[in-house]
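This is what each chain is made of:
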Amino acid sequence: QVQLVESGGGLVQAGGSLRLSCAASGRTFSLYAMAWFRQAPGKGREFVAAIRWTGGRTYYTDSVKGRFTISRDVTKNTVFLQMNSLKPEDTAVYYCAAALAITVITTTSGYDSWGQGTQVTVSS
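Keep in mind it's a predicted model, so treat the numbers as computed, not measured. (Residues numbered from 1 in each chain as written. Predicted model: local features only at pLDDT ≥ 70, side-chain atom pairs only at ≥ 80, totals over all residues. Heavy atoms only, no water.)

(A) Molecular detail of the nonpolar core. In this structure, Met34, Trp36, Val79, Leu81, Met83 and Tyr94 are the most contacted members of the largest nonpolar core, which totals 28 residues. For this core, the secondary-structure elements that each account for two or more residues are β1 (2-7), β3 (18-26), β4 (33-39), β5 (45-52), β7 (68-73), β8 (78-83), β9 (92-99) and β11 (118-123). One finds Tyr32, Phe37, Ala50 and Ala99 within the second-largest nonpolar core, a separate group that totals eleven residues. (Core = buried A, V, L, I, M, F, W, Y, C linked by side-chain atoms within 4.5 Å. Buried < 20%, exposed > 50% of the residue type's maximum accessible area, 1.4 Å probe, protein only. Helix = DSSP H or I, 4+ residues; strand = E, 2+ residues; numbered from the N terminus.)

(B) A look at the packing of aromatic side chains. The final tally for this structure, using the stated rule, is four aromatic pairs. Where Tyr111 meets Trp114, the ring centres are 6.2 Å apart and the plane angle is 65°; that geometry is what we call edge-to-face. We note Arg45 situated over the ring of Tyr95; from NZ or CZ to the ring centre the distance is 3.7 Å. Directly above the aromatic system of Trp114 lies the positively charged group of Arg45, at a separation of 5.0 Å from the ring centroid. (Phe/Tyr/Trp six-rings, centres within 6.5 Å; stacked < 30°, edge-to-face > 60°. Lys NZ or Arg CZ within 6 Å of the ring centre and 35° of its normal.)

(C) Region of interest: the pattern of salt bridges. A full pass over the atoms with the stated rule returns four salt bridges. A salt bridge links Asp90 to Arg67, with the nearest nitrogen and oxygen atoms 2.7 Å apart. Remark: Arg67 occurs in the loop between β6 (58-60) and β7 and Asp90 occurs in the loop between β8 and β9; sequence separation between them is 23 residues. Look at Arg67 and you get buried, because its relative accessible area is 11%. Linked by salt bridges that have partners in common, Arg38, Glu46, Arg67 and Asp90 make up one network. (Salt bridge = Lys/Arg side-chain N within 4 Å of Asp/Glu carboxyl O.)

This is how it looks when you write it as structure tokens:
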């Protein structure tokens with residue numbers, strides 16, 4: 001298994017930026033991909049961005065393309081989510097996830113481990 005610890009959430013005004021981090025420990029040698037999902041109050045958990053651990057190919061949901069950037073530091077087993085031009089509709093709890101085998105990148109069922117979540121609040 002992989003353990004995930006997130007950090008970097010907070011309160012920001014619309015148009016501002018935040019950077020989320022997620023450090024992985026445990027079976028990190030088995031990582032296939034890491035991702036960020038988010039869940040707003042009263043809504044389901046939705047895919048935000050993902051990155052393949054080998055090669056670094058990235059994936060984004062349409063609503064964040066051009067504003068969010070996912071990256072990784074393989075030496076530190078850490079994934080980042082740089083969020084720019086934040087909007088009130090980005091307000092949610094953001095979860096880091098890790099997949100240990102080839103999977104469908106954009107679905108929650110494709111991931112084996114989850115972080116505890118970090119709150120991101122964007123005020124208008």
